[in-house]
Amino acid sequence: MASVLRHARARAPAQSVTLSRWSYPRHQSGRVASLRLVTPSRSYSTETEPVAPKPPTSSPPKKSRFAQVGKFLWRLTYGSAFIGLAYLAYGIYEDRHPVDQHPSDPSKKTLVILGSGWGSVSLLKKIDTENYNVVVISPRNFFLFTPLLPACTTGTIEHRSIMEPLRNILRHKSTAVTFYEAECTEIDPVKRVLTLRDNSEIKGDIAETSLPFDYLVIGVGAQNTTFGIPGVQENACFLKEIADAQKIRTRIMDCIETATFKDQTEEERKRLLHMVVVGGGPTGVEFAGELQDFFQEDLRKWVPEIADEFHVSLVEALPNVLPMFSKQLINYTEKTFKAEKIDIHTKTMVKKVDEKTIFAEVTKADGTKEIIEMPYGLLVWATGNAPRTVVRNLMSKIPAQAKARRGLEVNDYLVVNGTEGIWALGDCASTKYAPTAQVATQQGQYLARLFNTMAKTQALEEDIAHLEELGHATTSVDDKKAIASEIEAKAKTLRRSKRLMPFQYTHQGSLAYIGSDKAIADLTFGDGNNLTSSGQLTYLFWRSVYVSMCFSTRNKMLVVMDWLKVKMFGRDVSRE
């Protein structure tokens, strides 16, 4: 072995390498002692090579602030989506699974609510039905979301999507509420009795009955008024109920199909395709915008032969449309209507209507007046309210209502003047506020607080009377002191309960859709500060507000799905 190693060194004296992974160390005697494992050398040179310095260890580069914000927003997005879906699922489950109700207590005072509009339903939503024997009477068994009614006339929204069954609302109350689908035909404020009539197509053996009451809330709304103009009642379409929207929708398609009938004269085609809206308030403006959208987005596509003749006109007796909005928004609306080719006829008062023509008086800039004729195919009357028959009959029985014209005059607490225990709210009440859904909603919420406070006050008075009896019966000085202390505490609470402020309306702003995916908003916040907005972003805000105002999760989803359906497939142009 030694000779082999010497031979290897002789052949490569300058390049001594480790020839094997095994090294043989020797004792001084030169004999091999043992074997040990040696790591192979990386170099064949006997000289020591310089070792390259290791690169400095550096921490991973920090993410940019933009990336961190993006990651946070992404987490916030899917977190919010998850929470939203969970909330939606809970809302659907809650709507579908009402809790068990306590039976109503006939021994308690009977509170009768007439109507199923904004005021009545807002009252029902907030009142604690455990304190009263609550009875609801209405000729329709649903609540109608009227701000979206113009969209039903063109098929943008289906009418079922804005109808909330009244029994769904009542079934979610803690204590059962009695409901009668009937019309109240007479109110006796002295005997405190109502006369009810079943006005449905299917009648039983009993079609008319009477109902006594302790408290009465009248929220029957108002009916359309024609201002005594001849021919309006017979020839115009109104826009207050679902049946009105369905009639208008049918009438629109009737005019179009008749206009395209074989050998129809050009003059008659123009008349049939002229759609006239009377009333420059939010209802009239929104319907005109919806109708023009229907034409631009659908009708001219599927019925191209009417493209040059379909025409929408808006007639208003006042100098401006939308008088409740700011001048800036009025100008924007008129400018938008002009771009959409909707004619606005202001200072134009309808005098007479026949089957085919509107006769109107126009006040010119110089003050002179002129009678014009407007041939029409569809006339929608969207202006004016008048008291219903039952309200007029009640007004005639109350001397304090002799001078009332628009409806039942009420005091600051919404009590009908000249009566006790009878309240009125919404369009059937004559107040200093405009007859809008927003006013009626706040009035209903106010009355709910009032009735809840009345029940609490009555309970406190009964407790105090009971404690006074106990105080007189006991002989213990300590017990008398304890009872007196408790009476004082309850009396203090009672005094606070009786400090209910009069009704005060808080205007939160006005919204209106003006067509072409545009809307206007005149909002109020803080100490009377106003914010005006218009355009397509305002339109998205308009939609979000109206969806949030729907009473149930079901209606919110149906309205959103209707909008998506129209965007994907367009409106239906078939005649119902």
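Criteria and thresholds
- Residues numbered from 1 in each chain as written.
- Predicted model: local features only at pLDDT ≥ 70, side-chain atom pairs only at ≥ 80, totals over all residues.
- Heavy atoms only, no water.
- Helix = DSSP H or I, 4+ residues; strand = E, 2+ residues; numbered from the N terminus.
- Contact = heavy atoms within 4.5 Å.
- Areas by Shrake-Rupley, 256 points an atom, 1.4 Å probe, with all protein chains shown as cover.
- Buried < 20%, exposed > 50% of the residue type's maximum accessible area, 1.4 Å probe, protein only.
- Core = buried A, V, L, I, M, F, W, Y, C linked by side-chain atoms within 4.5 Å.
- Salt bridge = Lys/Arg side-chain N within 4 Å of Asp/Glu carboxyl O.
- Pairing = 2+ DSSP bridges.
- Axes fitted to C-alpha atoms, helices over the stretch in contact; angles between N-to-C directions.
- Right-handed = clockwise from strand over helix to strand, strands pointing away.
- Patch = residues over 30% accessible without salt bridge, like charges linked within 9 Å, V, L, I, M, F, W, Y side chains within 5 Å.
- Parallel < 35°, antiparallel > 145°, perpendicular 65-115°, else oblique.
- Left-handed = near helix turned anticlockwise from the far one by under 90°.

Enquirer: Explain the overall build of the chain to me, and be specific about the residues and the numbers.
Expert: In terms of regular secondary structure, the chain is built from 15 helices and 27 strands. Summarising the internal contacts of the chain: among those between residues at least 6 apart in sequence, 63% fall at separations of at least 24. Taken as a whole, the chain presents about 33,400 Å² of accessible surface, with 54% of it coming from carbon and sulfur.

Enquirer: Can you break down unusual backbone geometry residue by residue, with the values?
Expert: For Leu-322, which is not glycine, the phi dihedral falls at a positive 50°. When you line up the elements, Leu-322 lands in the loop between strand E15 (311-315) and helix H10 (327-339). Residue Leu-322 is classed as buried on the basis of its relative accessible area, which comes to 0%. One non-glycine residue with positive phi stands out, namely Lys-347, at about 50°. By the element assignment, Lys-347 lies in the loop between strand E16 (342-345) and strand E17 (348-353). You can call Lys-347 partly exposed: its relative accessible area is 36%.

Enquirer: Before we move on, can you summarise the nonpolar core with the specific residues and values?
Expert: Leu-114, Ile-162, Leu-194, Ile-218, Phe-310 and Phe-451 are the most contacted members of the largest nonpolar core, which has 120 residues in total. Ignoring sequence-local partners within four residues, the contact set of Phe-451 consists of Leu-111, Leu-123, Ile-127, Tyr-132, Tyr-215, Val-217 and Trp-423. Counting residues in hydrophobic clusters, the runner-up holds 14 residues, among them Val-232, Val-276, Val-350 and Met-374.

Enquirer: Go over the pattern of salt bridges with me, naming the residues and quoting the values.
Expert: Side chains that differ in charge, positive against negative, can pair when their charged atoms come close. Scanning the entire structure with this criterion turns up 16 salt bridges. With a shortest N-O distance of 2.9 Å, Lys-397 and Glu-186 are connected by a salt bridge. Residue Lys-397 is located in helix H11 (residues 389-397), and its partner Glu-186 is located in strand E8 (residues 183-188); the two are separated by 211 residues in the primary sequence. Since its relative accessible area comes to 35%, Lys-397 is described here as partly exposed. Taking relative accessible area as the criterion, Glu-186 reaches 38% and is therefore assigned partly exposed. Counted as one network, the salt bridges with shared partners bring together Glu-268, Arg-271 and Lys-356.

Enquirer: An account of the sheet that holds strand E10 (residues 208-212) is requested, with residue identities and associated values reported.
Expert: Consider a sheet: its strands pair through backbone hydrogen bonds, and that pairing is either parallel or antiparallel. Pairing in this open sheet of 3 strands is antiparallel, and the strands run E8-E9-E10 from one edge to the other. Two strands close off the open sheet at either side, each with one partner strand: E8 and E10. With strand direction ignored, the average angle separating the axes of adjacent strands in the sheet is 25°. Relative to strand E9 (residues 193-197), E8 runs antiparallel, the two sharing 5 bridges. By the bridge assignment for E9, Glu-183 is matched with Arg-197.

Enquirer: Provide a residue-level description of the pairing of strand E14 (residues 274-278), including the pertinent values.
Expert: Within E14, 5 of the 5 residues are buried, which leaves it mostly tucked inside the rest of the structure. Of the two faces of E14, the one lined by His-274, Val-276 and Val-278 and the one lined by Met-275 and Val-277 are each fully buried. One crossover worth recording links E14 to the parallel E15 by way of helix H9 (residues 282-302), and it is right-handed.

Enquirer: Tell me about a nonpolar patch on the surface, and name the residues and values.
Expert: Among the surface-exposed residues, Val-69, Phe-72, Leu-73 and Leu-76 lie close enough to one another that they form a single nonpolar patch of about 380 Å² accessible area. Of note, Phe-72 is situated in helix H2 (residues 65-96).

Enquirer: If you had to explain the sheet that holds strand E4 (residues 133-138) to someone new, which residues and values would you point to?
Expert: In space, the 5 strands of this open sheet follow the order E7-E4-E3-E11-E23, with parallel pairing throughout. The open sheet has two edge strands with one neighbour each: strand E7 (178-181) and strand E23 (422-424). For this sheet, the mean angle separating the axes of adjacent strands, direction not counted, is 15°. Sheet topology places strand E3 (residues 110-114) next to strand E11 (residues 215-218); 4 bridges connect them, and they run parallel.

Enquirer: How would you summarise the packing of helix H14 (residues 536-549) against helix H15 (residues 553-569) if you had to cite specific residues and measurements?
Expert: Relative to each other, H14 and H15 sit at 150°, their axes nearing to 8 Å. Put simply, H14 runs roughly antiparallel to H15. The crossing of H14 and H15 is right-handed. Facing H14, whose interface residues are Trp-542, Arg-543, Val-547 and Ser-548, H15 presents Lys-556, Val-559, Val-560 and Trp-563.

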